[in-house]
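Okay, here's what each chain looks like letter by letter:
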Amino acid sequence: MKIYIDGKYYDRKDAKISVFDHGLLYGDGIFEGIRIYNGKVFKLKEHIERLYQSAKAILLDMHMTEEEMGNAVLDAVNINKKKNGYIRLIVTRGEGPLGIDPTTCKKATVIIIVSDIQLYPDEYYKNGIEIITASSRRIPSDSLDPRIKSLNYLNNIMAKLEARHSGCLEAVMLNREGFVAECTGDNMFIVKNNELFTPAPFHGALDGITMRTVMEIAESLGIKTHEATLTRYDLYNAEECFMTGTGAEIIPVIKIDGRIIGDGEPMVVTKRLINAFKKLIMS
Ligand code: PXG
């Protein structure tokens, strides 16, 4: 495995960054998780665009054009000879003195790891997954816009811990008002009257690339989609529920806080979307 750091490639054991990097010291940085399917980088343009929008929002000087960044990602994939896998693209504020002030950092650090990912075991894709609602809430959007894919995941990690302590693999997070935001690393969808509903980003959800892809697929299948305001009641009474993300892809949810969703097994709309998604990524 060859890891890209600031224009050079290193073996895994030599791929190291400074302990004075503000990405480590303060979580000051942004990232993207991207898939490689069948020799192609999936939705590269969308991921690069989101990365640069995150950078703009946190006033991070990228010192590379979007095109150069995209080419660096493609180069890293080629050097690692990966046909199917997962790319972690990270940009930190860079090295600087101790002290939170980001203006003291000289140059952003760019890291590209080309590896593999499987977030959930296969059986969960077939049979569905049980999740809980976490008591840890999403950071309010007026404090940190959820569309920024930042290196600050501690509140999601707290929710993930709650899930693990209840014997589940994932948790739904609510926003400060108690509306459904998203899961710790996935967007959330419900099906009601054969239409799709997902919380709007301003409720505290990342503007997910898989979420947008699923909405496009659904529309092409004649399934109406809505960005909506959802409560736990809506989740419990949904006909179907599933999560989406680059890591998770589409995973059916069959139980939430002990309530069985629909028939308690992956159902027709979710299955149709999973099949169409599989076709798309293999095309
Ligand atoms: N919400 C959050 C908080 C995320 O971190 C998503 C939604 C789904 O967005 P995309 O654009 O990927 O459809 C994410 C993405 C990991 C991992 O290593 C996490 C994500 C993606 C890939 C890997 O846990 N989360």
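This structure is a prediction, so every number in the text was calculated from the model and none was measured. (Residues numbered from 1 in each chain as written. Predicted model: local features only at pLDDT ≥ 70, side-chain atom pairs only at ≥ 80, totals over all residues. Heavy atoms only, no water.)

## Let's talk about helix α3 (residues 66-79)
Because the α-helix completes a turn every 3.6 residues, residues three or four places apart line up on one side. Over its 14 residues, α3 extends 20 Å from the first C-alpha to the last, a length consistent with the 20 Å expected when each residue adds 1.5 Å. Turning to α3, its buried residues are Met 69, Gly 70, Ala 72, Val 73, Ala 76 and Val 77. All buried residues of α3 project into a common sector of 155° when viewed along the axis, lining one side. Every exposed residue of α3 that faces more than 90 degrees away from the buried side is listed here: Glu 67 and Asn 78. Where α3 ends, the next residue or the one after it, Lys 81, has phi of about 50°, a positive value. (Helix = DSSP H or I, 4+ residues; strand = E, 2+ residues; numbered from the N terminus. Expected span 1.5 Å × (residues − 1). Buried < 20%, exposed > 50% of the residue type's maximum accessible area, 1.4 Å probe, protein only. Arc of directions from axis to C-beta.)

## Quick word on the packing of aromatic side chains
Overall, the coordinates contain 5 aromatic pairs when judged by the stated rule. A centroid spacing of 5.5 Å and a plane angle of 75° characterise the contact between Tyr 37 and Phe 42, whose relative ring orientation is edge-to-face. With centroids separated by 6.1 Å and ring planes inclined at 85°, the aromatic side chains of Phe 42 and Phe 277 adopt a geometry described as edge-to-face. With Phe 42 in the loop between β4 (40-41) and α2 (44-57) and Phe 277 in helix α8 (residues 268-282), the pair connects residues that are 235 residues apart, well separated along the chain. Judged by its relative accessible area of 16%, Phe 42 falls in the buried class. Each residue in the set Tyr 37, Phe 42 and Phe 277 is aromatic and connected to the rest through ring pairs, giving one cluster. We note Arg 259 situated over the ring of Tyr 236; from NZ or CZ to the ring centre the distance is 4.1 Å. (Phe/Tyr/Trp six-rings, centres within 6.5 Å; stacked < 30°, edge-to-face > 60°. Lys NZ or Arg CZ within 6 Å of the ring centre and 35° of its normal.)

## Quick word on the packing of α2 against α3
Remark: α2 packs on α3, axes separated minimally by 10 Å, with the N-to-C direction vectors making an angle of 125°. As summarised for this structure, α2 and α3 are arranged oblique, according to the angle between their axes. In terms of crossing hand, the pair formed by α2 and α3 is right-handed. Contacts between α2 and α3 involve Leu 44, Ile 48, Glu 49, Leu 51 and Tyr 52 from the first element and Glu 66, Met 69, Gly 70, Val 73 and Leu 74 from the second. A per-class count over the contact of α2 with α3 returns 7 nonpolar, 1 polar and 2 charged. (Axes fitted to C-alpha atoms, helices over the stretch in contact; angles between N-to-C directions. Parallel < 35°, antiparallel > 145°, perpendicular 65-115°, else oblique. Left-handed = near helix turned anticlockwise from the far one by under 90°. Contact = heavy atoms within 4.5 Å. Nonpolar A, V, L, I, M, F, W, Y, C, P; charged D, E, K, R; others polar.)

## A word on the domain arrangement of the protein chain
Annotation of the protein chain at the domain level lists domain 1 (2-115) and domain 2 (122-282). Centre-to-centre separation of domain 1 and domain 2, based on C-alpha positions: 26 Å. The interface of domain 1 with domain 2 comprises 24 residues on the first partner and 20 residues on the second. Overall, the association of domain 1 and domain 2 removes approximately 1700 Å² of surface from exposure, summing both partners, and the carbon and sulfur fraction of that is 62%. When the buried area of domain 1 at its contact with domain 2 is split by residue, Phe 31, Tyr 37 and Arg 50 rank highest and sum to 34% of it. Among the salt bridges present, the one from Glu 249 reaches Arg 35, with a minimum N-O distance of 4.0 Å. (Domains from an automatic or database assignment. Buried area = accessible area lost by both parts, 1.4 Å probe. Salt bridge = Lys/Arg side-chain N within 4 Å of Asp/Glu carboxyl O.)

## A few points about the side chain of Asp 28
Considering the arrangement of structural elements, one finds Asp 28 in the loop between α1 (22-26) and β3 (29-37). Polar side-chain contacts of Asp 28 include one of 2.8 Å to the side chain of Arg 93. (Polar contact = N/O pair within 3.5 Å; in protein donor to acceptor, adjacent residues only side chain to side chain.)

## Concerning empty space enclosed by the protein
Enumeration over the complete set of coordinates arrives at 2 cavities of 30 Å³ or more. Put simply, the largest cavity is a space of about 70 Å³. As for the largest cavity, its lining consists of Arg 35, Tyr 37, Phe 42, His 47, Ile 209, Thr 210, Thr 213, Gly 245, Thr 246, Glu 249 and Phe 277. Looking at the lining of the largest cavity, the elements with two or more residues in it are β3 and α6 (209-220). A breakdown of the residues in the lining of the largest cavity according to their chemical character gives 4 nonpolar, 5 polar and 2 charged. Estimated volume of the second largest cavity: approximately 50 Å³. Contributions of two or more residues to the lining of the second largest cavity are made by β13 (240-245) and β14 (249-256). It is β14 that provides the largest number of residues to the lining of the second largest cavity, a total of 3 residues. (1 Å grid on protein atoms, 1.4 Å probe; cavity = no way out; pocket = protein on both sides within 12 Å on 5 of 7 lines; lining within 4 Å. Points joined across faces, edges and corners; volume = space filled by probe spheres on them.)

## Let's talk about the nonpolar core
Generally speaking, nonpolar side chains in soluble globular proteins are found buried as a group. Membership of the largest hydrophobic core comes to 27 residues, with the highest contact counts inside it found for Ile 30, Met 62, Met 69, Ile 87, Leu 89, Val 91 and Ile 112. Of all the elements in the fold, those that place two or more residues in this core are β3, α2, α3, β5 (85-92) and β6 (109-115). Within the second largest apolar cluster, 23 residues are counted, among which are Ile 129, Val 172, Leu 230 and Tyr 236. (Core = buried A, V, L, I, M, F, W, Y, C linked by side-chain atoms within 4.5 Å.)

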